[in-house]
Every structure is written in structure tokens, then in C-alpha cells.
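# Structure at a glance
Each chain is listed here by its residues.
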Amino acid sequence: AMGHWKAMNNLMACYLYGRGTDVDYVKARELADKLIALNVGSGWYARYVMERDEGFLHKAADLGEPNAQYELGYHYLYPARQQTLGLRYLVCAMRQGHGEAAYKIGKYLEIKKNYYMAVEYYYRSAALGHPMAAFGLYGVFHPEYAPDDFGHNLGFQVSSPNLSNAFRKYFHLLKDNPGTRIPDLFKKYPLPPNAAMTREQSRAMPSKLKDAFGGKWPDEIYPDLAPDYLPPKF
């Protein structure tokens, strides 16, 4: 009522998704239009959810709305097969704390058989609160229990009970407590030196993700994405 945009955003989400109240698109749209007038991307994203107008989705993404960036990233990466553009959108969403975006980048790198870097992005996803990333890492480091969607240990040839147990606990923590973050994950549980490929070899592989950022990995452009056991690159 006093014009605080974050409060309007949260109330809009309540009406949009029926959180604590009935779904009410009329009230949600009123709040969305107020946010649009304030140049807040979530207003455009809400209009997209209600009306499925892709123009609204692009406006939201351009204003930095991470859910819109994630949706466009996934669309361009797979259905539209514009991988470079899709990966750029996913990195933008990930930088704003979107764990699913980091998970999709990890999956993409796994498909491309760049396993070490895939595991790094699963780490980022788990750190951002994605439970399935933690569950997958549990399987990576405890290969005899690897879940079907991984099917192998992603090049980490020796199981690590310490890591496996840690990620099993993280999976339950993140599943039961949505919104939890693990900011010191890389430092607390660094990747073991038993991978079939070194980090340097993995980073030297050709990659559309590097292409998306002028031949560099995103953490060379954005120091905030570097594992916290490595010195940031400026």
C-alpha cells in the first residue's frame, strides 16, 4: 500500500500462484502493471505467465528478471538450438541465484562429455539450493548408487564416502528447506584430485559456453562465479 516494490512483487506472486490465498489474476495484473510502471522486470514476467505473450518474456529478461532469463535460456538452448544465446541467458539467470539455470548448464556440459566442468556447475547449482544437483553429486561420488539419469561417475574414478555422505545430507536439507543456500560449498568440499581429466584439460575443451563469452569461461568474465577455493580473476 505504501509503494514498496518488493512487497508488491511478493503480493503479486501470492495472487499469481495461490500462495496463502486464492489465485486472482485481476489483482495480480493490477500489481504487475504497477511494477511495470516502476520498470521492474517481474511485472512483465507476471504478465507473461498470465497471457503467454513472448514479448512480455523478452521485456522481463531484458530488465534482469531471472525466471524470464532462465525460460529464454532453456528455449534457445534446446528447442530453438541457438546454443550460444541460450547459454548466455542461463548464465545471466545463474548469476542472480537461479539454481535451475546452473543445473541446466551442468546437464549441457555433461551431454557434451565435459564432465569435470559439468560437476563444477552442479556444485554451483547445489550451492544455489537445487536439491537434484546435490542428489546427482551424491551419485557421482558414490558411483555404485549413481542415479539412473547420470549412470556413471562423470570421470571421478574413486568414490569418496565423505563427499557422498555430505551431498546426501545436502539433498535432504535442500528438499525440505526451499530457499536454503550453501555459499561456501566449494571451499567446504573441494573436488577431489581423482578425475579422469584435470580441471585444466576440461577447461581447454571446445565449448559453446566459452564461445558465448568470447572464448572464455564465464568465471573468467564474472569473478563471482569462480569456485571459492580459486583466486578470483579480474
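Here the structure is shown first, and the text comes after it.
### Side note on the overall build of the protein
Helix and strand counts for the protein come out as 14 helices and zero strands. Listing each helix as α and each strand as β along the protein from the N terminus yields α-α-α-α-α-α-α-α-α-α-α-α-α-α. In terms of overall dimensions, the protein is globule-like: its C-alpha atoms have a radius of gyration of 19 Å, near the 17 Å expected for 234 residues. C-alpha atoms of the protein, sized along the principal axes, occupy 55 × 40 × 35 Å. Taken over 234 residues, the protein has a buried fraction of 49%. Sequence-distant contacts in the protein: of pairs separated by 6 or more residues, those separated by 24 or more amount to 52%. Entry remark: accessible area of the protein is about 11,800 Å², with carbon and sulfur atoms responsible for 53%. In the protein, 28 positive and 24 negative side-chain charges are present, and the distance between their average locations comes to 3 Å.

### Structural notes on the packing of helix H1 (residues 5-17) against helix H2 (residues 25-37)
The contact between H1 and H2 brings their axes to 8 Å, and the two run at 155°. As far as their axial angle goes, H2 and H1 are roughly antiparallel. In terms of crossing hand, the pair formed by H1 and H2 is left-handed. Between H1, through Trp5, Met8, Asn9, Leu11, Met12, Tyr15 and Leu16, and H2, the contact on the second element is made entirely by Tyr25, Lys27, Ala28, Leu31, Ala32, Lys34 and Leu35. The class makeup of the residues in the contact of H1 with H2 is eleven nonpolar, one polar and two charged.

### Considering H2
Between its terminal C-alpha atoms H2 stretches 18 Å, which fits the 18 Å expected from 13 residues at 1.5 Å a residue. Ala28, Leu31, Ala32, Leu35 and Ile36 are the residues of H2 that are buried. The buried residues of H2 occupy an angular sector of 145° when the element is viewed end-on, so they sit on one face. Exposed residues lying more than 90 degrees from the buried face of H2 are Val26 and Ala37. With a side-chain oxygen positioned 3.1 Å from the backbone nitrogen of Val26, the residue opening H2 is Asp24. Two residues or fewer past H2, Asn39 is found with a positive phi of approximately 65°.

### Some details on the environment of Ala28
Residue position: Ala28 is located in helix H2. Looking at Ala28, the relative accessible area reads 0%, which means it is buried.

### Some details on helix H4 (residues 54-62)
Those residues of H4 that sit buried are Phe56, Leu57, Ala60 and Ala61. Buried residues of H4, viewed axially, fall in a sector of 135°; they line one side. Next to the buried residues of H4 lie helix H3 (41-51), helix H5 (66-77) and helix H6 (83-95). For H4, the side-chain oxygen to backbone nitrogen distance between the N-cap and Gly55 is 2.7 Å, and the N-cap itself is Asp53. Where H4 terminates, the next one or two residues include Gly64, which has phi positive at roughly 90°.

### Brief notes about the nonpolar core
One finds Tyr123, Phe141 and Phe167 to be the most contacted residues of the largest nonpolar core, which totals 48 residues. Where this core is concerned, the elements lending two or more residues are H5, H6, helix H7 (99-111), helix H8 (115-127), helix H9 (131-140), helix H10 (161-176) and helix H11 (185-188). With nine residues, the single largest contributor to this core is H8. One finds Tyr15, Ile36, Val49 and Leu57 within the second-largest nonpolar core, a separate group that totals 24 residues.

### As for unusual backbone geometry
Leaving glycine aside, a negative phi is the common case for residues, and trans is the common case for peptide bonds. A positive phi is found at Arg81, a non-glycine position, where the angle reads about 55°. Among the residues examined, Arg81 registers a relative accessible area of 70% and is labelled exposed. Non-glycine residue Lys113 carries a positive phi angle of around 65°. Structurally, Lys113 is set in the loop between H7 and H8. Classification of Lys113 by relative accessible area gives exposed; the value is 54%.

Scoring rules and cut-offs
- Residues numbered from 1 in each chain as written.
- Predicted model: local features only at pLDDT ≥ 70, side-chain atom pairs only at ≥ 80, totals over all residues.
- Heavy atoms only, no water.
- Helix = DSSP H or I, 4+ residues; strand = E, 2+ residues; numbered from the N terminus.
- Rg over C-alpha atoms; globule rule 2.2 N^0.38 Å.
- Buried < 20%, exposed > 50% of the residue type's maximum accessible area, 1.4 Å probe, protein only.
- Contact = heavy atoms within 4.5 Å.
- Areas by Shrake-Rupley, 256 points an atom, 1.4 Å probe, with all protein chains shown as cover.
- Lys, Arg positive; Asp, Glu negative; His and termini not counted.
- Charge placed at Lys NZ, Arg CZ, Asp CG, Glu CD.
- Axes fitted to C-alpha atoms, helices over the stretch in contact; angles between N-to-C directions.
- Parallel < 35°, antiparallel > 145°, perpendicular 65-115°, else oblique.
- Left-handed = near helix turned anticlockwise from the far one by under 90°.
- Nonpolar A, V, L, I, M, F, W, Y, C, P; charged D, E, K, R; others polar.
- Expected span 1.5 Å × (residues − 1).
- Arc of directions from axis to C-beta.
- Polar contact = N/O pair within 3.5 Å; in protein donor to acceptor, adjacent residues only side chain to side chain.
- Core = buried A, V, L, I, M, F, W, Y, C linked by side-chain atoms within 4.5 Å.

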